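# Coordinate analysis (summary)
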Amino acid sequence: MLRQSLLENRYILSERVTLADTARKRAKDILDEGLISRQAYESSQLAYQAVNRELDTLSVALKRVWQDDLPPQVSILGLKFSACKK
């Protein structure tokens, strides 16, 4: 049960990282155009870093659940969600 919850949270966080990265890149483009302040841009950078820290923390928790390296279906680069159903 704990493992499944961690896997689901990992999947959700990976989607949040993708969205935060897109927002970060868009903020950089808008900053370059002079439409937002440097402070607004830095805020988007901090949001991206916070999501990445959450993902790192969750990865550590997953490793503790397995006590070893993560199985291939729970890679840091992507989660094969269908392979994790049991």
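Details of the structure are given in the entry above.
A short tour of the structure in this document, coming up. (Residues numbered from 1 in each chain as written. Predicted model: local features only at pLDDT ≥ 70, side-chain atom pairs only at ≥ 80, totals over all residues. Heavy atoms only, no water.)

Counting residues in each nonpolar core, the largest one holds 10 residues, listed as Leu 6, Leu 7, Leu 13, Val 17, Ala 20, Tyr 48, Val 51, Leu 55, Leu 58 and Leu 62. Elements with a minimum of two residues in this core: α1 (2–32) and α2 (38–66). (Core = buried A, V, L, I, M, F, W, Y, C linked by side-chain atoms within 4.5 Å. Buried < 20%, exposed > 50% of the residue type's maximum accessible area, 1.4 Å probe, protein only. Helix = DSSP H or I, 4+ residues; strand = E, 2+ residues; numbered from the N terminus.)

One pass over the structure, following the stated rule, counts four salt bridges. Lys 28 is the partner of Asp 32 in a salt bridge, and the nearest nitrogen-oxygen pair spans 3.1 Å. You can see Asp 32 and its partner Lys 28 sitting in helix α1, four residues apart, about one turn around the helix. Residue Asp 32 is classed as exposed on the basis of its relative accessible area, which comes to 53%. (Salt bridge = Lys/Arg side-chain N within 4 Å of Asp/Glu carboxyl O.)

So, on to α2. Taking 1.5 Å of rise per residue, 29 residues should cover 42 Å, and α2 covers 42 Å from first to last C-alpha, within 8% of that figure. Taken residue by residue, α2 has Tyr 41, Ser 44, Tyr 48, Val 51, Leu 55, Leu 58, Ser 59 and Leu 62 as its buried positions. (Expected span 1.5 Å × (residues − 1).)

The next thing to look at is the environment of Ala 27. Within the secondary structure, Ala 27 is located in helix α1. Along the sequence, Ala 27 and Tyr 41 sit 14 residues apart, while their C-alpha atoms lie 5.6 Å from each other. Beyond its immediate sequence surroundings of up to four residues, Ala 27 is in contact with Ile 36, Tyr 41 and Ser 44. (Contact = heavy atoms within 4.5 Å.)

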